[in-house]
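Below, each chain spelled out in residue letters.
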Amino acid sequence: MTTFTAPDTLMVPSTAHAARSGRSRRVASRSPFSEVREQARQRTLMLAATATGIVSVTVAASAAVVLGLSA
């Protein structure tokens, strides 16, 4: 026996506007320091990406030297 149930309509936004309005409200009510925090976050991500890139190139170069693949 198969039972089909309808999705719970109270949990699903009824319109696209209702689905987006929560995020829009949050963005509109940001504090003045949120941009400073976002810049700090971006700076941290850039530093992490740079460090990861340097480490990967160093590991690849060492592996090439150890395996004798360098030119």
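Here the structure is shown first, and the text comes after it.
Enquirer: Residue-level account of the overall build of the protein chain, with values.
Expert: Regarding its fold elements, the protein chain presents two helices and zero strands. Within the protein chain, buried positions represent 3% of all 71 residues. Accessible area of the protein chain: about 6700 Å², with a carbon and sulfur share of 66%.

Enquirer: Account for a nonpolar patch on the surface, with residues named and values stated.
Expert: Together, V66, L67 and L69 make up an exposed nonpolar region whose accessible area comes to about 370 Å². Relative to the helices and strands, V66 resides in helix 2 (residues 34-67). For V66, a relative accessible area of 69% corresponds to the exposed category.

Enquirer: Account for the pattern of salt bridges, naming residues and giving values.
Expert: Within the structure shown, the criterion is met by one salt bridge. One salt bridge in this structure joins R41 and E38, with 3.2 Å as the shortest N-O distance. Here E38 and R41 lie together in helix 2, a separation of three residues that amounts to about one turn. Residue classification places R41 among the partly exposed positions, given a relative accessible area of 46%.

What counts and how
Residues numbered from 1 in each chain as written. Predicted model: local features only at pLDDT ≥ 70, side-chain atom pairs only at ≥ 80, totals over all residues. Heavy atoms only, no water. Helix = DSSP H or I, 4+ residues; strand = E, 2+ residues; numbered from the N terminus. Buried < 20%, exposed > 50% of the residue type's maximum accessible area, 1.4 Å probe, protein only. Areas by Shrake-Rupley, 256 points an atom, 1.4 Å probe, with all protein chains shown as cover. Patch = residues over 30% accessible without salt bridge, like charges linked within 9 Å, V, L, I, M, F, W, Y side chains within 5 Å. Salt bridge = Lys/Arg side-chain N within 4 Å of Asp/Glu carboxyl O.

Geometric values such as these leave the question of function open.
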